[in-house]
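# Summary of structural features
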Amino acid sequence: MPDIHDLAIIGGGINGCGIARDAAGRGHSVFLCEMDDLGSGTSSRSTKLIHGGLRYLEQFDFRLVRESLLERETLWRIAPHIIHPMRFVLPHQPGLRPAWMLRIGLLIYDNLGGRRHLPATRTLNLKTDPAGAPLKPGTYSTAFEYSDCWVDDARLVVLNARDAADRGAVVRTRTRAIAAKRVDGEWRLTLEDVTTGTRETIAARVLINAAGPWVERVLTGSLGMQAEHRVRLVEGAHIVVPRLFEHDRAYLLQNPDGRVVFAIPYEHDFTLIGTTDRDYQADPAATEITTGEIAYLCEMASSVFATSVRAQDVVWTYSGVRPLIEDSSSDAKSVSREYSLDLDAPSGSAPLLSIVGGKITTYRKLAEAALEKLDPHLGRPQGLAAGWTGNEPLPGGDFAFDAIDTQIAQLGRAYPFLSPSHALRLTRAYGTRAPAILGSAESLQDLGTSFGASLTEREVRYLIAHEWARTADDVAWRRSKLGLHMTPAERSALAAWMNDAVPRSAAASSAVPT
Ligand SMILES: Cc1cc2nc3c(=O)[nH]c(=O)nc-3n(C[C@H](O)[C@H](O)[C@H](O)COP(=O)(O)OP(=O)(O)OC[C@H]3O[C@@H](n4cnc5c(N)ncnc54)[C@H](O)[C@@H]3O)c2cc1C
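Described in the following lines is the structure provided in the data block. (Residues numbered from 1 in each chain as written. Predicted model: local features only at pLDDT ≥ 70, side-chain atom pairs only at ≥ 80, totals over all residues. Heavy atoms only, no water.)

Glancing now at the packing of helix 9 (residues 404–414) against helix 10 (residues 420–430). Direction vectors running N to C along helix 9 and helix 10 enclose 125 degrees, while the axes themselves pass 9 Å from each other. On the basis of the axis angle, helix 9 is oblique to helix 10. The way helix 9 lies across helix 10 gives a crossing that is right-handed. Between helix 9 and helix 10, the contacting residues are Ile404, Gln407, Ile408, Leu411 and Gly412 on the first element and Ala423, Leu424, Leu426, Thr427 and Arg428 on the second. (Axes fitted to C-alpha atoms, helices over the stretch in contact; angles between N-to-C directions. Helix = DSSP H or I, 4+ residues; strand = E, 2+ residues; numbered from the N terminus. Parallel < 35°, antiparallel > 145°, perpendicular 65-115°, else oblique. Left-handed = near helix turned anticlockwise from the far one by under 90°. Contact = heavy atoms within 4.5 Å.)

Our focus in this paragraph is the pairing of strand 18 (residues 352–357). Most of strand 18 is tucked away: six of the six residues are buried. Bridge count between strand 10 (residues 199–209) and strand 18: three bridges; the pairing is parallel. Bridge pairing in strand 18 places Leu207 opposite Leu352. Sheet analysis places strand 17 (residues 339–344) next to strand 18, joined by six bridges and oriented antiparallel. Its bridge partner lying in strand 18, Ser340 is registered against Val356. (Buried < 20%, exposed > 50% of the residue type's maximum accessible area, 1.4 Å probe, protein only. Pairing = 2+ DSSP bridges.)

This part takes up the environment of Gly221. With respect to the helices, strands and loops of the structure, Gly221 is situated in helix 6 (residues 215–222). Taking relative accessible area as the criterion, Gly221 reaches 53% and is therefore assigned exposed. In this structure the C-alpha to C-alpha distance between Gly221 and Arg205, which are 16 residues apart in sequence, comes to 21 Å.

Attention now moves to the packing of aromatic side chains. Under the defined criterion, the tally for this structure stands at 14 aromatic pairs. Plain terms: the ring middles of Phe60 and Phe62 are 6.3 Å apart, the flat faces sit at 50 degrees to each other, and that makes the pair tilted. On the basis of relative accessible area, Phe62 is assigned to the partly exposed category, the value being 37%. Here the aromatic rings of Phe88 and Phe262 are separated by 5.8 Å at their centres, their planes lie at 80 degrees, and the arrangement is edge-to-face. Pair noted here: Phe88 is in strand 4 (residues 83–91) and Phe262 is in strand 13 (residues 260–266), with a separation of 174 residues, a long-range link. The exposure class assigned to Phe88 is buried, which follows from its relative accessible area of 1%. (Phe/Tyr/Trp six-rings, centres within 6.5 Å; stacked < 30°, edge-to-face > 60°.)

It is worth stressing that arrangement in space is one thing and function is another; only the former is reported here.
And the structure:
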C-alpha cells in the first residue's frame, strides 16, 4: 500500500477543489480525483454570480444570504482577475412585487453585512437612465440598481485546484472513484483512469464525498451506504444570444410565475439569459436544455426587452444540475440553497464527510466548515491557520482588487503586439500569471500556432502543463469561453492538435509543474 494521505476527495467541482486548497494550505496531505475535467459538473454551468441571492430573502434564508453577502468582497479580493463587481437593474413591474417590497428587500441586502467597497442600491428613472433604453417602451418607469459580483466559475475551480497543487495536493483528473472501503481504521479508495481503464488503490485517513449531483450515487453505489440527507436534483438552463444592450449592467427580471431571470452582459458580444428550475431524475452528466426551457427564456426576455428574442437567435446553451438538500418544497425554485456536511464516523473507524447543497458563492466557507468538522480526526499540522483562504490570493490574483485596469495596461505595455482585447482577455483569465504564458515573445508569431479568437499555442501549452487541460472542450468551454468566438473549423483544428499534444494517461498528465 502506498503512502497514506490525510484526505482523499472525490469530485473536482468548486467544493472539492475549495476543500483541497484549504486543507493543503493547512499542511494536510491531500489527494483529489475528478472523473472528468475539473469543473465539468455543475460548477461550470452556473449563472456565474457571487451573490447573496435577493430571492432567498423571500424564503427567509437570512443565514445563507448573510454568509453569501460577506463572501462577495472576500472572493473579489482574492481573485480580482476572474471576479468583478456588477450592477443589477431590477425594473419595477406593476402587478408584480410592489415597489415598497423591493425597497425593503434591497435595504436589507445592502445592510446585512460585508459591503465595504461595492456601491449601495439606488433608484433609477428609466425614462432618463440608459438602462431604460433597451426595455419595452412605455412599460417601465422605475428600477432599483444594486451590487453583486460576477465570477468566471470554471476558472475559479481550476485556480483552487492549481493553488492546492502548488501547496502539495495531488490532483488527478479523468480518474473515477469506483469503490471505497474501510480497512484497519483507514480508507482504501479504488480509482480508475477513465482513458486507459488502469486501476489503482490509494489509502487515506478521511474520505470526502464532494461529488455534487452524484453525491448520493457515490454513497449508495461505490460506498454501499445510505445517505443522511436526501438530495434533490434541480436542473437549470441558460441561453446565450447576441448582445441585447450596450451598457455593462445586468438585469434581474421578474416573471409573473414568481421566478426571476437574469440577463447579463457576456463575453463582450453576447447576453446570457437564465435560469430555469426543473426537478431532475436522470444522469446529471446527460443534462440538456429542453425546447420548453429555450421557449420560456426567450418569451421572458421578449416580454421585457424592446428587441424580441427568438429560439433561432440562440447561439449557445448550457444546463446544469443543482444538488440541493431535499426539504420537501413543493416547488423546485423554492428548495433552499443551504448546504449540509454529513459526517459518518462510527467510533474508531475512518470518517466520511458528504457534502450536499451549496453555492459557488459559499464554497470557501463550506470548505472551512468541512475542515472544522474533521479537525478532531485530522490533527493539526504545521500549516496556515484556519481562515487563511480569505487572505491569500488565488493564482494570478496577487494585485489590488480595484486595479484590474492597471494590470491590463501593464500587460499591454510589456507586450505591445497584443491588441487591447487580447491583453484584457489574458489579464482577466490569468492575472499576474499572464507573463508566464507570453514569456519573451516579441510578436504574435512567437506565440506559435494561432487557433483563432486570439488563442495561441503558447496559451494552450500553458493550459495543458499547469491547468490540467486535455481536450479542446476543456480549453474552449471551461478554461475560457473562446468556443463562443471560434468557428467550428477552428474548434476542430484545436481538437486535432490537442489529440496529438496531450498524454493519454491521467497519471502522466497530473504531474503538473508549478
Ligand atoms: C443553473 C444553475 C445556476 C447556478 N447559479 C449559481 C450562481 O449564480 N451563484 C452561485 O453561487 N451558485 C450557483 N449555482 C450553484 C452552484 O453551481 C453549485 O452549488 C456548485 O457548482 C456545486 O459544486 P460541487 O462541487 O458540489 O458540484 P460539481 O461542480 O458538480 O462537482 C462534482 C464533481 O464530482 C465529480 N464526480 C462525480 N462522481 C465522481 C466519481 N465517482 N469519481 C470522481 N469524480 C466524480 C463530477 O464529475 C463533478 O465534476 C447554480 C447552479 C445551477 C445548476
